[in-house]
Amino acid sequence: MGLELAYTSEVARATAPLYARVAAVIPEIEWPVHAPLIAEINRLKRERDAVILGHNYMTPEIFHCVSDFVGDSLALAREAARTDASVIVQAGVHFMAETSKILSPQKIVLIPDAKAGCSLAASITGADVRLLRQSHPGLPVVTYVNTSAEVKAESDICCTSGNAVKVVERIAKDFGTDTVLMLPDQYLARNVAAQTGIKVITWEGACEVHERFTAEEIRAYRTAHPGVTVLAHPECPPEVVAEADFSGSTAGMINYVGQHRPARVVMVTECSMSDNVAVEYPDVEFVRPCNLCPHMKRITLKGILHSLQTMTTKVELDPVMSARAKVAIDRMLAIT
Ligand code: 13P
Ligand code: SF4
């Protein structure tokens, strides 16, 4: 870090309103480390005509202090398709950056750490999808957005956790079938099957963050924190979702808190969610057992700054494969 990135009184003054926003979740002692990076990122992104798309699992200093747009996978995809900035910096994992590039192929899409993967995306390849199609001819293939561009290219339609029910119902109707291939998240697929009555043939993929939660753990939160409202992500096993008061995407959970203002809530998901939402709702008590996503946590302020300084790492995709993947994403966006 150069001298110009010191925590000067000018940086302190310029970033004071941002600190006031996150003071409840970032200790004061940490601010002199974050503030110079934040000030420089916000300056440089204007110079580069860049927009930072931050997923709900980003740490609060990224989520609240440098992101231009925040949301769940669906909202970030929509924003990537409509932004008129020349550069997109994806503060999220690699499949999200690929989705942005698929939707905005003419733009520069940067991922601050190209190793920010996902256990779901790593669980399946395009060749696997082709083999599945051969063994289930005629069935529609719905793939979760948490997959590589290559897998999306082999799909009829994509879905996110925010629209999976709607997508599966619609594609089953369009194909005139009561069975769909839903890949690669076995738990999301089973949760959607339970909600829709549509049969799913799935894959053995799982989110390494959400598969660790257990129904027993949820019952223990209820005993330890009487009256607590339990919100669970649909990547959790069905028996965990069954114990929850509500299940929805990260944005769905945030909206639930905003609308219902529970006195106490536990978000059965990645750790940064509670911090980010607590900033908006100081009247809600957040019970905080959670699991960290090591992939999301590879994205840091330092990494974002480096990305903007060096314009790396650029996401590049084969244009033919990317165009095929876009068909599946566009089909999803059109119906939700
Ligand atoms: P959503 O934000 O779409 O709910 O996705 C959660 C997730 O695990 C992303 O990796
Ligand atoms: Fe993948 Fe789960 Fe991490 Fe999301 S939280 S990036 S689904 S491993």
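Residues numbered from 1 in each chain as written. Chains lettered and ligands numbered in written order. Predicted model: local features only at pLDDT ≥ 70, side-chain atom pairs only at ≥ 80, totals over all residues. Heavy atoms only, no water.

(A) Region of interest: the site of ligand 1. What surrounds ligand 1 is a group of 13 residues, the closest being H55, S73, S161, H233 and T250. A distance of 2.5 Å separates an oxygen atom of ligand 1 from a polar side-chain atom of T250. Taking a 2 Å distance to the grid points as the criterion, the majority of the atoms of ligand 1 fall inside the largest cavity. Tallied by class, the residues present in the shell around ligand 1 amount to four nonpolar, seven polar and two charged. (Near = heavy atom within 4 Å. Polar contact = N/O pair within 3.5 Å; in protein donor to acceptor, adjacent residues only side chain to side chain. 1 Å grid on protein atoms, 1.4 Å probe; cavity = no way out; pocket = protein on both sides within 12 Å on 5 of 7 lines; lining within 4 Å. Sits in = over half its atoms within 2 Å of the grid points. Nonpolar A, V, L, I, M, F, W, Y, C, P; charged D, E, K, R; others polar.)

(B) Region of the structure containing the layout of surface pockets. Looking at the largest pocket, its volume works out to about 310 Å³. Along its surface, the largest pocket is lined by 20 residues, and S161, Q195, S247, G248 and S249 are the ones closest to its centre. Residue assignment for the lining of the largest pocket shows that the elements contributing at least two residues are α8 (164-175), α9 (186-196), β10 (246-247) and α12 (250-260). The element best represented in the lining of the largest pocket is α9, accounting for four residues. (Points joined across faces, edges and corners; volume = space filled by probe spheres on them. Helix = DSSP H or I, 4+ residues; strand = E, 2+ residues; numbered from the N terminus.)

(C) Looking closely at the state of the cysteines. In the structure shown here, the tally under the stated rule is one disulfide. Each sulfur of the disulfide joining C271 and C290 lies 2.2 Å from the other. What sets the handedness of the C271 and C290 disulfide is the S-S torsion sign, and at about 100° it is right-handed. Highlighted residues: C271 in the loop between β11 (264-268) and α13 (272-280) and C290 in the loop between β12 (285-287) and α14 (301-310), separated in sequence by 19 residues. (Disulfide = S-S within 2.5 Å.)

(D) Just the site of ligand 2, in detail. By nearness alone, 13 residues border ligand 2, and C118, N146, C207, E235 and C293 come closest of all. Judged by its atoms lying within 2 Å of the grid points, ligand 2 is housed in the largest cavity. Taken together, the residues of the shell around ligand 2 sort by class into eight nonpolar, three polar and two charged.

(E) Representation of the pairing of strand β7 (residues 179-183) within the structure. Taking burial as the measure, the five residues of β7 include five buried ones, the bulk of the element. Burial of β7 is two-sided: the residues T179, L181 and L183 facing one way and the residues V180 and M182 facing the other way are all buried. Sheet topology note: the strand β5 (residues 141-144)/β7 ladder contains three bridges and is parallel. Bridging across to β7, T143 finds its partner in L183. Where β7 lies against strand β8 (residues 199-201), three bridges are found, and the strand directions are parallel. (Buried < 20%, exposed > 50% of the residue type's maximum accessible area, 1.4 Å probe, protein only. Pairing = 2+ DSSP bridges.)

So, to be careful, I would describe these as geometric facts and stop short of saying anything about function.
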